[in-house]
Amino acid sequence: MPTSEKTNGTLSKDFRTEHDTMGDVQVPGTRYWGAQTERSRNNFKIGPEASMPEEIIMAFAYLKKAAAYANTDLGVLTTDKRDLIALACQEILDGKLDGEFPLVIWQTGSGTQSNMNVNEVIANRTHVLQGNQLGEGKTYIHPNDDVNKSQSSNDTFPTAMYIAAYKMLIDITIPGIEKLRDTLKLKSEDFKSIIKIGRTHLMDATPLTLGQEFSGYVSQLEHGLKALRNTLDHLSELALGGTAVGTGMNTPGGYDVKVAAYIAEFTDLPFRTAENKYEALSAHDAIVESHGALKQIAVSLMMIANNIRMLASGPRCSIGELHLPENEPGSSIMPGKVNPTQNEAVTMVAAQVMGNDVTISIAGSNGQFQLNVFKTVMAANFLQSARLIGDVCASFNEHCAMGILPDHDGIKKHLENSLMLVTALNPHIGYDNAAKISKKALKENKTLREAAVELKLVTSEQFDLWVKPADMVGEISETLLPAVIS
């Protein structure tokens, strides 16, 4: 029964006694979690803001429901227990039990306590669904013997990791990147005839079109998407059925295949049992591989966002070749200042993802013997990266990329002032003579034509014939753009 007790002289109401193999524990009376959850809550007061990601809890609900169905099909769990467990799992998926999962990622690296948190919540919730009160009598559904049947934390947590990671990539990450890629592709097509000066080493170079410049960004994102999609197959292999060390101890024959099939059915995603459960428990190379693709995309996004904001820098005293949407005031002291804030958000996200990749690389390399015990931090960092990239791509697309416009005056000014147009004279007068023209024009603040004619290296008519920016950008064609893969 729920009780009231005094703790440190302060009256604490509505506690109940829960029991595990280590003894009795006082648990908040209205909460569905049990003794092992409460022990973890008290023993790991580390970064309370770093809660176990909601996506992991949802994934646990899918796998616990699938396990109940598989166990019933194989004759080791009764139908009525299956239905009760499935009902409680569905309530988790429907968000009706939010707030019942208080543990942080800084716990045991196998995720054992979060596995038990879910087991306890399901068992106690089924007790109430049967018309009982929390803390009254023995629960019909046992958290270990029934909810956790044919399972170990060692195979449930990696399964939850992979379900959560796969769903996040499909639901949030890939759609966000695709939106941005598609917008940049449209911009590349719109800008294909706008000739501008190129830059290498941050210095003036020969011309290209603005569309060609943007086509590079499209290609970067498309290659990143391809790399990310290629990791999905490995992520679809689930560890469930390996139990403690990969041998499948305490599981009925065929359980691993059947439980994966149920997870695939419930999530409508192509999950299957892992071919090698020993790898699935002791190594999480699929997470490392997939996050590597996220890092690749982060690297691309850092470059793209920085390039776009530098091209838009100004509006009067810098490059000023692009106009970006003006979303909010940029300064509390300088009136009228507008900053490229969406670009800044992209670059900060990219930095975070690159840092997360270091954490995941270290964590993935530390699978000792039959178990990796860095699972919780790997899961948290992966899910953060995947969501951040998806969200920031969608935000950047909506609030910046869609509204990018060329600054024709700025583009024309830089193009006409560039000394690197002299490169077009190389085939006619040679590299050394062309360099003389460029240096004279720069030193004496003259145009290239003026310098060339004064040096008597070309006539004015020859200069106009040979130095044509439109002839220096190659073929202006949409074939420069990669094919978009849906």
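Residues numbered from 1 in each chain as written. Predicted model: local features only at pLDDT ≥ 70, side-chain atom pairs only at ≥ 80, totals over all residues. Heavy atoms only, no water.

Re the overall build of the protein
The number of helices and strands found in the protein is 18 helices and 11 strands. For 486 residues, the compact-globule estimate of 2.2 N^0.38 gives 23 Å, and the C-alpha radius of gyration of the protein, at 31 Å, exceeds that figure by more than 25%. Each principal axis of the C-alpha atoms in the protein carries an extent, and together these give about 105 × 55 × 35 Å. When the 486 residues of the protein are sorted by exposure, 50% land in the buried category. (Helix = DSSP H or I, 4+ residues; strand = E, 2+ residues; numbered from the N terminus. Rg over C-alpha atoms; globule rule 2.2 N^0.38 Å. Buried < 20%, exposed > 50% of the residue type's maximum accessible area, 1.4 Å probe, protein only.)

Details of the nonpolar core
Residues I56 and F382 are the most contacted members of the largest nonpolar core, which totals 105 residues. A per-element tally of this core places helix α6 (residues 153-190) first, with 14 residues. Excluding residues that lie within four positions of it along the chain, I56 makes contacts with F157, A160, M161, A164, A379 and L383. By size, the runner-up hydrophobic cluster in this structure holds 20 residues, among which are L419, A434, A451 and V458. (Core = buried A, V, L, I, M, F, W, Y, C linked by side-chain atoms within 4.5 Å. Contact = heavy atoms within 4.5 Å.)

Describing the pattern of salt bridges
Opposite charge on two side chains permits pairing when their charged atoms draw close. For the structure on display, the rule yields 27 salt bridges. With a closest N to O distance of 2.9 Å, R16 and E18 form a salt bridge. Across the pair, E18 and R16 agree in class, each one buried. K196 is paired through a salt bridge with E213; the nearest N and O atoms lie 2.8 Å apart. Taken together, the residues span a long stretch of sequence, with K196 in strand β4 (residues 195-200) and E213 in helix α7 (residues 210-230) at a distance of 17 residues. Relative accessible area serves as the criterion here: at 0%, K196 is assigned to the buried category. (Salt bridge = Lys/Arg side-chain N within 4 Å of Asp/Glu carboxyl O.)

Points about the confidence of the model for the protein
For the protein, the average pLDDT comes to 94, and 95% of its residues sit at 70 or higher. Counted against residues more than four places away or in other chains, residues 1-12, with its pLDDT under 50, gives 21 contacts. Within the model, pLDDT remains below 50 along residues 478-486, and this stretch shows 26 contacts once partners closer than five positions in the same chain are excluded. (pLDDT = per-residue confidence, 0-100.)

Things to note about the pairing of strand β5 (residues 203-209)
Pairing of β4 with β5, which is carried by 5 bridges, proceeds in the antiparallel orientation. Across the sheet, K196 pairs through a bridge with L208, a residue of β5. (Pairing = 2+ DSSP bridges.)

Quick look at helix α12 (residues 341-364)
With 24 residues, α12 extends 34 Å from end C-alpha to end C-alpha; this agrees with the ideal 34 Å at 1.5 Å per step. Looking at α12, one finds that the buried residues are Q342, N343, V346, T347, V349, A350, V353, N356, D357, I360, A363 and G364. In this structure, the buried residues of α12 make contact with α11 (285-311), β9 (367-368), β10 (371-372) and α13 (375-399). (Expected span 1.5 Å × (residues − 1).)

Digging into the packing of aromatic side chains
What the rule picks out here adds up to 7 aromatic pairs. Counting every residue linked through ring pairs, the aromatic cluster contains Y69, Y262 and F266. Directly above the ring of Y140 sits K81, whose terminal nitrogen or CZ lies 5.1 Å from the centroid. (Phe/Tyr/Trp six-rings, centres within 6.5 Å; stacked < 30°, edge-to-face > 60°. Lys NZ or Arg CZ within 6 Å of the ring centre and 35° of its normal.)

Some thoughts on the state of the cysteines
Applying the stated criterion to the full structure yields 0 disulfides. Looking at the unpaired C393, the closest cysteine sulfur is the one in C400, lying at 12 Å. The class of C393 is buried, set by a relative accessible area of 1%. (Disulfide = S-S within 2.5 Å.)

Looking at the side chain of S438
Here S438 shows up in helix α16 (residues 431-444). Take S438: its relative accessible area is 11%, and that puts it in the buried class. In contact with S438, not counting residues within four places along its chain, are L419, M420, V422 and L448.

Description of unusual backbone geometry
Look at the link from G314 to P315: it is a cis peptide, with omega at 10°. Structurally, P315 is set in the loop between α11 and β8 (322-323). Positive phi outside glycine occurs at D268, with the angle close to 60°. Structurally, D268 is set in the loop between α9 (255-267) and β7 (272-273). The class of D268 is exposed, set by a relative accessible area of 69%. Positive phi outside glycine occurs at F369, with the angle close to 55°. Relative to the helices and strands, F369 is located in the loop between β9 and β10. Looking at F369, the relative accessible area reads 74%, which means it is exposed.

Brief notes about the side chain of Q342
Inspection of the secondary structure puts Q342 in helix α12. A residue is classified by how much of its surface remains accessible, and Q342, at 14% relative accessible area, is buried. Here the side chain of Q342 touches F396 through a polar contact of 3.5 Å, landing on its backbone nitrogen. Contacts of Q342, omitting those with residues within four sequence positions, involve N327, S395, F396, H399 and C400. (Polar contact = N/O pair within 3.5 Å; in protein donor to acceptor, adjacent residues only side chain to side chain.)

Some thoughts on the packing of helix α2 (residues 54-73) against α6
Two measures define how a pair of helices packs: the angle their axes make with one another and the distance between the axes. Two numbers describe how α2 lies on α6: the axes approach to 8 Å, and their chain directions differ by 115°. The way α2 lies across α6 gives a crossing that is right-handed. Across from E55, I56, A59, F60, Y62, L63 and K64 in α2, the residues of α6 making contact are T156, F157, T159, A160, M161, I163, A164, K167 and M168. (Axes fitted to C-alpha atoms, helices over the stretch in contact; angles between N-to-C directions. Left-handed = near helix turned anticlockwise from the far one by under 90°.)

Observations regarding the environment of M203
In this structure, M203 sits in strand β5. Its relative accessible area of 54% is what places M203 among the exposed residues. Considering only alpha carbons, one finds M203 and M420, 217 residues apart in sequence, at a separation of 9.6 Å.

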